[in-house]
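Secondary and tertiary structure notes
Residue strings, one per chain:
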Amino acid sequence: MVTFKVTDGEQGRWAVLEVSGELDLVTSPLLRQRVHDVVADGRHRLVLDLSDVLFCDSSGVGVLIAARRLLRSCQGTLRLVLPAQGAVDGSHVNRVLGALGIHRLFDVHPDLASAVREEPRSLSA
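A brief report on the enclosed structure follows. Please read these numbers as outputs of a predicted model, since none were measured by experiment. (Residues numbered from 1 in each chain as written. Predicted model: local features only at pLDDT ≥ 70, side-chain atom pairs only at ≥ 80, totals over all residues. Heavy atoms only, no water.)

1. Quick notes on the overall build of the chain
Check the secondary structure of the chain and you find four helices and five strands. For the chain, the sequential pattern of α-helices and β-strands runs β-β-α-β-α-β-α-β-α. Partitioning the intrachain contacts of the chain with sequence separation of at least 6 by distance along the chain shows that 68% fall at a separation of at least 24. Entry remark: accessible area of the chain is about 6,700 Å², with carbon and sulfur atoms responsible for 52%. (Helix = DSSP H or I, 4+ residues; strand = E, 2+ residues; numbered from the N terminus. Contact = heavy atoms within 4.5 Å. Areas by Shrake-Rupley, 256 points an atom, 1.4 Å probe, with all protein chains shown as cover.)

2. Things to note about helix α3 (residues 92-100)
Restricting attention to buried positions, one finds in α3 the residues H92, V93, N94, V96 and L97. Buried-residue contacts for α3 involve β3 (45-56), α2 (58-73) and β4 (77-81). At the C-terminal side of α3, G101 shows a positive phi close to 75 degrees. (Buried < 20%, exposed > 50% of the residue type's maximum accessible area, 1.4 Å probe, protein only.)

3. Points about empty space enclosed by the protein
Tallied over the entire structure, the rule returns one cavity of 30 Å³ or more. Contributing to the lining of the largest cavity are R32, V35, H36, V63, A66, A67 and L70. Secondary structure elements with two or more residues in the lining of the largest cavity: α1 (28-40) and α2. Of the residues belonging to the lining of the largest cavity, the class tally is five nonpolar, one polar and one charged. (1 Å grid on protein atoms, 1.4 Å probe; cavity = no way out; pocket = protein on both sides within 12 Å on 5 of 7 lines; lining within 4 Å. Points joined across faces, edges and corners; volume = space filled by probe spheres on them. Nonpolar A, V, L, I, M, F, W, Y, C, P; charged D, E, K, R; others polar.)

4. Brief notes about the sheet that holds β4
The mixed open sheet is built from five strands, whose spatial order is β1-β2-β3-β4-β5. Where the open sheet ends on each side, the last strands, each with one partner, are β1 (5-11) and β5 (107-109). In this sheet, neighbouring strand axes are inclined to one another by 25 degrees on average, regardless of whether the strands run parallel or antiparallel. Relative to strand β2 (residues 14-23), β1 is paired through seven bridges, and the arrangement is antiparallel. Note on β2: the bridge partner recorded for K5 is S20. Those strands touched by α3 are β3 and β4, and its axis lies near 95 degrees from that of β3. (Pairing = 2+ DSSP bridges. Axes fitted to C-alpha atoms, helices over the stretch in contact; angles between N-to-C directions.)

5. Details of a nonpolar patch on the surface
A contiguous nonpolar surface patch, about 250 Å² in accessible area, is contributed by V2, L54 and F55. For V2, a relative accessible area of 38% gives the class partly exposed. (Patch = residues over 30% accessible without salt bridge, like charges linked within 9 Å, V, L, I, M, F, W, Y side chains within 5 Å. Salt bridge = Lys/Arg side-chain N within 4 Å of Asp/Glu carboxyl O.)

6. Observations regarding the pattern of salt bridges
Tallied over the entire structure, the rule returns four salt bridges. Between R43 and D41 there is a salt bridge whose closest N-O contact spans 3.8 Å. The exposure class assigned to R43 is partly exposed, which follows from its relative accessible area of 23%. Using a relative accessible area of 57% as the deciding quantity, one classes D41 as exposed. D107 is the partner of R79 in a salt bridge, and the nearest nitrogen-oxygen pair spans 3.3 Å. You can see R79 sitting in strand β4 and its partner D107 sitting in strand β5, a full 28 residues away along the chain. One exposure class covers both R79 and D107, and it is buried. Through salt bridges that share partners, E10, D41 and R43 make up one connected network.

Shown next, in the form of structure tokens:
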């Protein structure tokens, strides 16, 4: 059994949620709630580090899309950490988003250090 975990952190002006385990129908409500908690605390610059997510189903993808919509609604910024290469052929979430054709909707970074840099990157769509 894989343990699902969301760890809070901060890097400069960015709130960081490090996610590990399987992001699925059972666990995605926890991530959704944590994103809402960050925004409710007045933090509108959020990085979701998904480097250690081993599996992501449609409910997990739905949480990512909802997080993007929530941050955009309050003029915030969402960035995802999705390594192109990893222990097992790169990030599972990266492959899922690519297969669904929605990868371009997100501001994706290969590591946390690049995600919290201050240079602006425009979001597509």
